[in-house]
Amino acid sequence: MTFSNWIRREPKPVLRFHGAALLVLSLISPLCACADGPASKPPDPPPASLAADSAPVHGSAAPVIVFGFLGGYVHHDDSVHSTVQVARDLRKDYPSNVHIETFENHRVTDAHGLIMLLLGAARTGGITDEQKRSARIILYGHSWGASAAVALARTLQKDGIPVLLTIQVDSVSRSGQNDAVIPDNVRLAANFYQDQGFVHGQQKIQAADASRTQILGNFRMDYTDNPVSCPKYPWYTRVFMRSHIEIECDQHVWQRVEELIREQLPTSTAASARTGTP
């Protein structure tokens, strides 16, 4: 059985993204509560000791894992959505040396299980401290998927496994999750958000321990004067969740997301060919 088949076992019916307008109303109160202020200046870079534990991968033999999480009720392979498009672009340049997957946001447990297998549990039945320290993991997502990325990072913290980078795009916290505080096993974290309309993202993330985690920024996007077209999305999402959908369609945001991810990855075969690197 392949890893891809493993994560897709016991499929569950899913609806289109934000499948019911009632979801909008149910989210209004928690969204207002979780938006806690304007962006703040990122703290100083983390100390050398943390960087050594979870440094960018350049020729490392350690597993390199990039997991993205979709928002709403979107299926993991729905190519309309930018989370899937980023994964697709990365796979072109990293066909074998980076493990790239996308998940529905309710499948945090499955994603965690797959990470454990990739780190060595599939071979030994357990993971050594050395295997944990050598992990190279990047997590990103949109809406509920962004909150899921932070939730997975927090689960990995309990396992003693470091995370290179988390990226949240218009993060919306699900019940029982805290998408505002980044756990101290994360080296770098970035947050993109918009604050208009019924559904808007977490405005400010902060480090649980600023000496171990660097917040790259809380980047506010505004589409009032420069709207983004999302013609492939259902009409009701474009009406009731306009800005929340616009940030997901904003290629400038997702280009930056992809750049941040690539900065932490080994030099790809395609990039080496373009630059002439041996």
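So, here's what we can say about the structure. (Residues numbered from 1 in each chain as written. Predicted model: local features only at pLDDT ≥ 70, side-chain atom pairs only at ≥ 80, totals over all residues. Heavy atoms only, no water.)

1. Topic: the overall build of the protein
How we decide: Secondary structure elements are defined from DSSP: runs of H or I of at least 4 residues count as helices, runs of E of at least 2 residues count as strands, and each element is numbered from the N terminus. Three exposure classes are used, based on accessible area relative to the maximum for each residue type with a 1.4 Å probe and protein chains only: buried under 20%, partly exposed in between, and exposed over 50%. When checking whether two residues touch, look at their non-hydrogen atoms; a contact exists if any pair is within 4.5 Å. Accessible surface is estimated by sampling points in the Shrake-Rupley manner with a 1.4 Å probe; for residues, cover comes only from the protein chains shown.
Of regular secondary structure, the protein possesses eleven helices and eight strands. Residues classed as buried in the protein amount to 52% of the 278 residues present. Pairs at least 24 residues apart make up 79% of the contacts formed inside the protein by residues separated by at least 6 positions. Element-wise, carbon and sulfur atoms account for 53% of the exposed surface of the protein, whose accessible area totals about 12700 Å².

2. Description of the packing of aromatic side chains
Stated formally: Here a pair means two rings of Phe, Tyr or Trp (six-membered ring of Trp) with centres within 6.5 Å. Their orientation is stacked below 30 degrees between planes, edge-to-face above 60, and tilted elsewhere.
In the structure shown here, the tally under the stated rule is four aromatic pairs. Between Phe 69 and Phe 103 the ring centres are 5.6 Å apart and the planes differ by 25°, which places this aromatic pair in the stacked class. Here the residue Phe 69 occupies a position in strand β1 (residues 64-69), and Phe 103 occupies one in strand β2 (residues 99-103), the gap between them amounting to 34 residues. Take Phe 69: its relative accessible area is 0%, and that puts it in the buried class. Linked through ring pairs, Phe 67, Phe 69 and Phe 103 together constitute an aromatic cluster.

3. Remarks on the pattern of salt bridges
Pairs may arise between side chains of opposite charge once their charged atoms sit close together. Rule in force here: By convention in these notes, a salt bridge is any Lys or Arg side-chain nitrogen within 4 Å of a carboxyl oxygen on Asp or Glu.
According to the stated counting rule, one finds ten salt bridges in the structure shown. Note that Arg 262 and Asp 93 form a salt bridge whose closest N and O atoms lie 2.9 Å from each other. One end of the pair, Arg 262, is in helix α10 (residues 251-262); the other, Asp 93, is in helix α4 (residues 82-93), and 169 residues separate them in sequence. Residue class for Arg 262 comes out partly exposed when judged on its relative accessible area of 24%. Take Asp 93: its relative accessible area is 11%, and that puts it in the buried class. Here Asp 222 makes a salt bridge to Arg 220, at a shortest N to O gap of 3.4 Å. The exposure class assigned to Asp 222 is partly exposed, which follows from its relative accessible area of 37%. Its relative accessible area of 42% is what places Arg 220 among the partly exposed residues.

4. Here's the deal with the pairing of strand β4 (residues 163-169)
Keep this limit in mind: By convention a crossover is right-handed if, when the strands point away from the viewer, the path from the first strand over the helix to the second runs clockwise. Strands qualify as paired when DSSP identifies two bridges or more between them.
The buried fraction of β4 is high, at seven of seven residues. As for the winding sense of the linkage, the β-α-β connection from strand β3 (residues 136-142) through helix α7 (residues 144-159) to β4 is right-handed. Pairing analysis gives six bridges linking β4 to strand β6 (residues 186-193), with the strands arranged parallel. Bridge pairing in β6 links Val 169 to Phe 192.

5. Digging into the state of the cysteines
Applicable threshold: Pairs of cysteine sulfur atoms within 2.5 Å are identified as disulfides in what follows.
The tally for this structure, following the rule as stated, stands at one disulfide. Across the disulfide from Cys 230 sits Cys 249; the S-S distance is 2.3 Å. Placement of Cys 230 in the loop between β8 (214-220) and α8 (235-240) and of Cys 249 in helix α9 (residues 242-249) is noted, with a sequence separation of 19 residues between them. Neither residue differs from the other here; Cys 230 and Cys 249 are each classed as buried.

6. As for unusual backbone geometry
The bulk of non-glycine residues show a negative phi, and the bulk of peptide bonds are trans. The backbone phi angle of Ser 143 is positive, close to 60°, even though this residue is not glycine. Of note, Ser 143 is situated in the loop between β3 and α7. The exposure class of Ser 143 is buried, given its relative accessible area of 2%. Phi is positive for Asp 170, close to 50°, though the residue is something other than glycine. Within the secondary structure, Asp 170 sits in the loop between β4 and β5 (181-182).

7. Observations regarding the environment of Ala 189
Residue position: Ala 189 is located in strand β6. Spatially, the C-alpha atoms of Ala 189 and Thr 166 are 4.8 Å apart, while their sequence positions differ by 23 residues. Not counting the four nearest positions on each side in its chain, Ala 189 is found in contact with Leu 165, Thr 166, Ile 182, Ile 205, Gln 214, Ile 215, Leu 216 and Gly 217.

8. Some words on α4
We count it as follows: What a helix is expected to span follows from its residue count: subtract one and scale by 1.5 Å.
An ideal rise of 1.5 Å per residue puts 16 Å on twelve residues; α4 measures up with 17 Å between its terminal C-alpha atoms. Here α4 has its buried residues at Ser 82, Thr 83, Val 84, Gln 85, Val 86, Ala 87, Leu 90 and Asp 93.

9. Observations concerning the side chain of Asn 191
Mapped onto the elements, Asn 191 comes out in strand β6. Overall, Asn 191 belongs to the buried group, its relative accessible area being 0%.

10. What to know about the nonpolar core
Test applied: Side-chain atoms within 4.5 Å are what join buried Ala, Val, Leu, Ile, Met, Phe, Trp, Tyr and Cys residues into a set we call a nonpolar core.
Counting 30 residues, the largest nonpolar core has Phe 67, Phe 69, Ile 115, Ile 137, Leu 139, Leu 152 and Leu 156 as the members making the most contacts within it. At the level of elements, β1, α5 (108-124), β3, α7 and β6 are the ones that each hand at least two residues to this core. With eight residues, the single largest contributor to this core is α5. Ranked by size, the runner-up nonpolar core spans 25 residues in total, among them Leu 90, Ile 138, Leu 165 and Leu 265.

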